[in-house]
Amino acid sequence: IVSIAKKDGVKPERKKKLIDSFVRTEMKATILHANERIQTQAELDHSIGRAATTVSLVKWVEFSDKKQYLYLINVGDSRIFLVRNHKLMRLSQDDSLLMRAVKEGTLTKEQAHRADQAESFDQVPEEARFYYLQNATVLRSVGTLEDQTVDVQCQEVFPGDRLVLLSDGVTD
């Protein structure tokens, strides 16, 4: 695909689509390969138990028209942020019980944020207390992916943009 995209006779939009498809496919394959390797290792070494990890994977791509794009995958609760013009924008969504409640409409974003950031149980709205107690529950992780579904997002980036990738232990 890359060699086709480099040919002079291929229209720029076609090149862009080919490269986009290639990047998405390769990133998904990377995550699925890691998932398989972790599962295999856990099966071979029973002392490991159920092995899994969260992951944030990014690839910064510049196309021939000089436009730049960030491709990203997030599995679990590791987070990806973009800093643009001194403003922090969250690009990833947690695969957590708390975020599922927001997606399903059980909690508002504000309630979820308060439950996530609360330092004690009495600071949490009553409707969010169950989620406060379970807020570290990750629903998807590499090593436990059963459905093989991996979503790749794409975000245009500009000179001066910066990325922040976070792992466990970081709060808003």
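Residues numbered from 1 in each chain as written. Predicted model: local features only at pLDDT ≥ 70, side-chain atom pairs only at ≥ 80, totals over all residues. Heavy atoms only, no water.

**Comments concerning the side chain of R84**
Right, so step 1: By the secondary structure assignment, R84 is in strand β3 (residues 79-84).
Right, so step 2: Given a relative accessible area of 18%, R84 falls into the buried group.
Right, so step 3: At a separation of 3.1 Å, a polar atom in the side chain of R84 contacts the main-chain carbonyl oxygen of E156.
Right, so step 4: A distance of 2.7 Å separates the side chain of R84 from the side chain of D161, its partner in a polar contact.
Right, so step 5: Setting aside chain neighbours within four positions, we find R84 in contact with M89, Q155, E156, V157, F158 and D161. (Helix = DSSP H or I, 4+ residues; strand = E, 2+ residues; numbered from the N terminus. Buried < 20%, exposed > 50% of the residue type's maximum accessible area, 1.4 Å probe, protein only. Polar contact = N/O pair within 3.5 Å; in protein donor to acceptor, adjacent residues only side chain to side chain. Contact = heavy atoms within 4.5 Å.)

**Describing the pattern of salt bridges**
Pairing between side chains of opposite charge can happen when the charged atoms of each approach one another.
Right, so step 1: Evaluation of the coordinates by the stated rule reveals 8 salt bridges.
Right, so step 2: Two residues, D116 and R79, come together in a salt bridge whose shortest N-O distance is 3.8 Å. With D116 in helix α4 (residues 109-117) and R79 in strand β3, the pair connects residues that are 37 residues apart, well separated along the chain.
Right, so step 3: Overall, D116 belongs to the partly exposed group, its relative accessible area being 23%.
Right, so step 4: Where D161 meets R84, a salt bridge forms, and the shortest distance between an N and an O atom there is 2.7 Å. Of this pair, D161 sits in the loop between β5 (153-157) and β6 (162-166) while R84 sits in strand β3, placing them 77 residues apart in sequence. Judged on exposure class, the residue D161 and its partner R84 are both buried.
Right, so step 5: One network of salt bridges, in which partners are shared, links R79, R90, D94 and D116. (Salt bridge = Lys/Arg side-chain N within 4 Å of Asp/Glu carboxyl O.)

Note that every value here comes from positions in space, so none of it alone points to a role or purpose.
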